[in-house]
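What the coordinates show
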Amino acid sequence: MKKLALLAVFGLLTFGTFAQKLGHINSQELLSLMPERTKAETALQDYAKGLESQLMSMQTEYQSMIEDYQNNEANYDDLTKQDKIAEIQGLEQRITTFQQSAQNSLQKKEQELLQPILEKAQKAIDEVAEKGKYTYILDSRLGVLLYQKDSENILDKVKKELGL
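Residues numbered from 1 in each chain as written. Predicted model: local features only at pLDDT ≥ 70, side-chain atom pairs only at ≥ 80, totals over all residues. Heavy atoms only, no water.

1. A look at helix 4 (residues 78-131)
In plain terms, the rule: Only DSSP runs of H or I reaching four residues or more are called helices, and only runs of E reaching two or more are called strands; each is numbered from the N terminus. Every helix has an expected span of 1.5 Å times one less than the residues it contains. A residue's bend is simply the angle between two axes: one fitted to the seven residues ending at it, one to the seven starting at it. Accessible area is worked out with a 1.4 Å probe on protein chains only. A residue is then buried under 20% of its type maximum, exposed over 50%, and partly exposed in between. Counted as a polar contact is a pair of N or O atoms within 3.5 Å, where, for protein atoms, one must be capable of donating a hydrogen and the other of accepting one, and residues adjacent in sequence contribute only when both atoms are in side chains.
Compared with the 80 Å implied by 1.5 Å per residue over 54 residues, the 79 Å span of helix 4 between its first and last C-alpha is a close match. At leucine 114, helix 4 shows its largest bend, some 35°, and a proline, proline 116, comes one to four positions later. For helix 4, every residue scored as buried is listed here: Ile88, Leu91, Ile95, Phe98, Ala102, Leu114, Ile117, Ala121, Ala124, Ile125, Val128 and Ala129. The distance from a side-chain oxygen at the start of helix 4 to the backbone nitrogen of leucine 79 is 3.3 Å, and the residue carrying that oxygen is aspartate 77. Where helix 4 ends, the next residue or the one after it, lysine 133, has phi of about 55°, a positive value.

What follows is the structure in structure tokens.
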């Protein structure tokens, strides 16, 4: 009987050491509340508008070259026709290259602008987790949270940590 009681006490102590405190947060909601996110989105939109303006300028030039060629094709000799076609094809290739480069540049700019914001949010989450002695914080936005009855949403604590 003593062994059974001792085993039960040992079992409860062991179970208690494995108790874990869970928390969850919607990281997308947190990021949307951060004023830095709005500034980053505005900067990214301005950057995208600049790239779009350059592209529009190139496309306008392309349309102009095509119209000029079509209007004057009858007056061109074969050598001039070949030269004009080569110019149009060259511009077409530059436009395609610019579109690809602009897309890559836009992605890099977005990463550059968002990285400090993500790091700030992660730091606040880490601090709340340490202060609250959480074992796990799950991101409910990613769909990895299947059951949250015993989980605490720490969004308000992280907002407080960030001064939001």
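We are not done yet, so read on.
2. Here's the deal with the packing of aromatic side chains
The condition that has to hold: The pairing test for Phe, Tyr and Trp rings, Trp by its six-membered ring, is centres within 6.5 Å, and the orientation test on the planes gives stacked under 30 degrees, edge-to-face over 60, and tilted for anything in between. The criterion is that NZ of a Lys, or CZ of an Arg, lies within 6 Å of the ring centre and within 35 degrees of the ring normal, and then a charge sits over that ring.
Within the structure shown, the criterion is met by 1 aromatic pair. Judged by centre distance (6.0 Å) and plane angle (35°), the ring pair of tyrosine 69 and tyrosine 76 falls under tilted. The burial state of tyrosine 69 is the same as that of tyrosine 76; both residues are buried. Above the face of the tyrosine 47 ring, lysine 109 is positioned so that its terminal group lies 5.4 Å from the ring centre.

3. A closer look at helix 5 (residues 155-162)
Each α-helix winds once per 3.6 residues, and so residues spaced three or four apart point in a common direction. Under the convention used in this document: The directions considered for the arc are those from the helix axis to the C-beta atoms.
Buried within helix 5 we find Leu155, Val158 and Leu162. All buried residues of helix 5 project into a common sector of 65° when viewed along the axis, lining one side. Projecting away from the buried face of helix 5 at angles above 90 degrees are the exposed residues Asp156 and Lys160.

4. Quick notes on the packing of helix 3 (residues 35-72) against helix 4
For any two helices packed against each other, one specifies the inter-axial angle together with the distance between the axes. The criterion, for reference: Lines are fitted to the C-alpha atoms to define the axes, a helix being fitted only along its stretch in contact, and any angle between axes, read from their N-to-C directions, falls within 0 to 180 degrees. Orientation is classified from the angle alone, with under 35 degrees giving roughly parallel, over 145 giving roughly antiparallel, 65 to 115 giving roughly perpendicular, and any other angle giving oblique.
As a packed pair, helix 3 and helix 4 sit with axes 10 Å apart at the nearest point and diverge in direction by 180°. By the angle between their axes, helix 3 is roughly antiparallel relative to helix 4.

5. Topic: the pattern of salt bridges
Opposite charge on two side chains allows them to pair when their charged atoms are near. To keep it simple, the criterion reads: Basic side-chain nitrogens of Lys or Arg form a salt bridge, by our definition, when they fall within 4 Å of a carboxyl oxygen of Asp or Glu.
Within the structure shown, the criterion is met by 6 salt bridges. Of the charged contacts, one joins glutamate 161 and lysine 131 as a salt bridge, the two residues approaching to 3.0 Å between their closest N and O atoms. With glutamate 161 in helix 5 and lysine 131 in helix 4, the pair connects residues that are 30 residues apart, well separated along the chain. Judged by its relative accessible area of 30%, glutamate 161 is partly exposed. Residues aspartate 156 and lysine 159 are paired through a salt bridge, measuring 3.6 Å at the closest nitrogen-oxygen approach. On the criterion of helical spacing, the pair formed by aspartate 156 and lysine 159 is a turn pair, its members being 3 residues apart in helix 5. Owing to a relative accessible area of 55%, aspartate 156 belongs among the exposed residues under this scheme. On the accessibility criterion, lysine 159 (23% relative accessible area) is partly exposed.

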